[in-house]
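Report on the structure
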Amino acid sequence: MIPIDTALYLSDYLLRNGTQRVSVAPDPEVATILNACRLRGVSTIITPDATGGAMLAAAESAVHGGTGVIVTGSGPSAAAVATAAAQAQIERRSLIAITVEPDGDETRVAARRTLDLRALFASVSKGSYRLRADNARELVPLAWHLATTPPRGVVHLRVYSDELTRPAAPVRGQAHPPAPPPSEEYETLRRRAADLISAAQRIVVLVGPDAVEGRAETAARLLAEQWGAALIVTPMAKGAVPETDPAFAGVYGALGDYPIVELIEHSDLVVAFGATSADFVRPWRTSVPTILLTPNGPDPGLTAEVTLVGPLNALANNLPRQAGAYGDGEQRASAARRGIQDALGHPAPDAQPLTPQHVIAELRRLASADVPLAVETDLVGLVAAQLWTTTQPRTFLMSNGLGLPGAGLALALAAALHRDGAPVIWLGTDTPLAIRSSLLAHVRDVQVPLPLVVINQGVHLDLLRVQERAGYPGVGSEYAPLNLEALAALHGLAYSRVESPDNLTGTIAAAFTDGRPSLIEVVTERDYWWRRG
């Protein structure tokens, strides 16, 4: 075997397994990995904001189902990555975080070595391991296996910079652990699930993001059709069920979902298909018996009478095709959809003043069906989760309820990097742009129509909503809006301002045809729309 240094082996392995780009926080210690990526043709995205870089790497997993990679030094940037790693771990995103420390000479004084990286990443990853030249050919495949095996998650690799220039030693043992034997309890649980389905007359099927990751959304829809069940999805699974399906009722956890909660409570069985409590904006509370089908194991936040663990398509094949009675799912779903529209007060697009509902409706009318919409986990995003109509998976991109500000912006950027000139839309408020403005430098460089549609409210609606419901005064909820025109100019983005329906359509249409990213500031009514849901 021709000797190859550890950094080149790592780059080769990433490339062979489909990694097209690596996010890197600039640091002297990462120079060897940067050079190896250059030699092997792996693209690098250099971002001084390590948290934003890790969010972008995790977004690669969310948008394309692959594994994201973030490389940093071992100082403050490593601590910043841990914040984004926590979000990726909760969302079950495949992410490999590599921190490069000064060389392994223990006599060398290095202030950054006082940070215990193993302890830092222990609670936000599936494992933290020391990468060396003598274990690279075993540990790198194992790390990849751990990150991509359900439940997917974060794996942290710590490496001294001098190890990266040493030849990677030959493989000595087994890189992957053996698969565990099938559970002896599975058949008992399967029979219990079959009994519940065979007795049920009003089933609701809840489809979650693991159904999309496992390409099992069709199996969920076919079962619902055979049972006469209503279909609901969680925000991160939006698009798993085409929203033109008559059995589709809406999005659990999005704004205005009270008709969905009522639909669940009037059912006699919930079959949660690839759902995870990490995607619940509201806590899961129901007395209705629940069957959970998951590749990940029991979920403490989603209590179920029966939990079946394994590949979702295989689990679906083992369930009965007939329920106790063919349900009235389509009629119940139709009633829920009407209730949602009434709750959100979806006005006509030519009404005054503008609301986010206007903007969402016009974006949907002008964008083709396959254009992805990325949103933040805020009230604007939760309105879009309910009102944006999609028929395809991975065309509505959203983080979970604990998503960091700017997570939607990272998702939009990850989608744009793979779109080959086709449009992507981001919709949000000015807060994520203020916190993650470093990502705008990368937005500028993508050669696709990427309109950043900013709802200008001048108020922290999430905070004000809680304050009003508790009877508190609105302390700290209002603020002076950003100068978005100056922000756009700083990052070389085209800028437009919309204050009425008269120029909304033309501005959005121009953004789609302009062929470059742009920032569209939309001044909207702020005292009414968000109180409806």
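Here we take up the environment of G208. Position of G208 relative to the elements: it lies in the loop between β7 (203-207) and α8 (209-213). Along the primary structure G208 and N483 are separated by 275 residues, whereas in three dimensions their C-alpha atoms are 38 Å apart. With residues up to four places along the chain from it excluded, the contact list for G208 reads T234, A237, F273, G274 and A275.

In this structure, I203, V205, W227, F273 and L427 are the most contacted members of the largest nonpolar core, which totals 91 residues. Here the element with the most residues in this core is helix α14 (residues 379-387); it accounts for seven residues. Not counting chain neighbours up to four residues away, the residues in contact with I203 comprise I197, W227, A229, A230, D268, L269, V271, A323 and R332. Ranked by size, the runner-up nonpolar core spans 50 residues in total, among them V63, F121, L439 and V454.

The way to describe two aromatic rings as a pair is by their centre distance and the angle between their planes. Evaluated as defined, the whole model comprises five aromatic pairs. Arranged with centres 5.5 Å apart and planes meeting at 25 degrees, the rings of F280 and W284 form a pair that is stacked. Across the pair, exposure class does not vary: F280 and W284 are buried alike. Site record: aromatic cluster; members linked through ring pairs are Y9, Y13 and W144. Lying across the ring of F396, K238 places its NZ or CZ 5.6 Å from the centre.

On to the confidence of the model for the protein. When pLDDT is averaged along the protein, the result is 89, and 92% of the positions lie at 70 or above. Scored below 50 in pLDDT, residues 107-112 makes 10 contacts in the model with residues more than four places away or belonging to other chains. Note that residues 174-179 has pLDDT below 50 and, in this model, eight contacts with residues that lie over four places away or in other chains.

Residue position: T377 is located in the loop between β13 (373-375) and α14. Residues T377 and G428, 51 residues apart in the sequence, show an inter-C-alpha distance of 8.9 Å. Apart from the residues within four sequence positions on either side, T377 is in contact with M398, S399, N400 and G401. Separated by 3.4 Å, the side chain of T377 and the backbone oxygen of S399 make a polar contact. There is a polar contact of 3.0 Å between the side chain of T377 and the backbone oxygen of N400.

With that settled, the discussion passes to the side chain of H442. Mapped onto the elements of the fold, H442 is located in helix α17 (residues 438-445). Given a relative accessible area of 15%, H442 falls into the buried group.

Pairing is parallel across the open sheet formed by six strands, whose spatial order is β9-β8-β7-β10-β11-β12. Every interior strand has two partners, whereas the edge strands, β9 (248-251) and β12 (306-309), have only one. Taken over all neighbouring pairs, the strand axes of this sheet differ in orientation by 20 degrees on average, direction set aside. In the sheet, strand β10 (residues 269-273) pairs with strand β11 (residues 290-294) via four bridges, with the strands oriented parallel. Following the sheet pairing, A272 is matched in β11 by L292. Running at roughly 170 degrees to β7, helix α9 (residues 217-227) makes contact with β7, β8 (230-233) and β10 of the sheet. Against the sheet, helix α12 (residues 329-344) makes contact with β7, β8 and β9, and its axis sits at roughly 40 degrees relative to β9, the strand it touches most.

Here is what the cut-offs are and how they apply
Residues numbered from 1 in each chain as written. Predicted model: local features only at pLDDT ≥ 70, side-chain atom pairs only at ≥ 80, totals over all residues. Heavy atoms only, no water. Helix = DSSP H or I, 4+ residues; strand = E, 2+ residues; numbered from the N terminus. Contact = heavy atoms within 4.5 Å. Core = buried A, V, L, I, M, F, W, Y, C linked by side-chain atoms within 4.5 Å. Buried < 20%, exposed > 50% of the residue type's maximum accessible area, 1.4 Å probe, protein only. Phe/Tyr/Trp six-rings, centres within 6.5 Å; stacked < 30°, edge-to-face > 60°. Lys NZ or Arg CZ within 6 Å of the ring centre and 35° of its normal. pLDDT = per-residue confidence, 0-100. Polar contact = N/O pair within 3.5 Å; in protein donor to acceptor, adjacent residues only side chain to side chain. Pairing = 2+ DSSP bridges. Axes fitted to C-alpha atoms, helices over the stretch in contact; angles between N-to-C directions.

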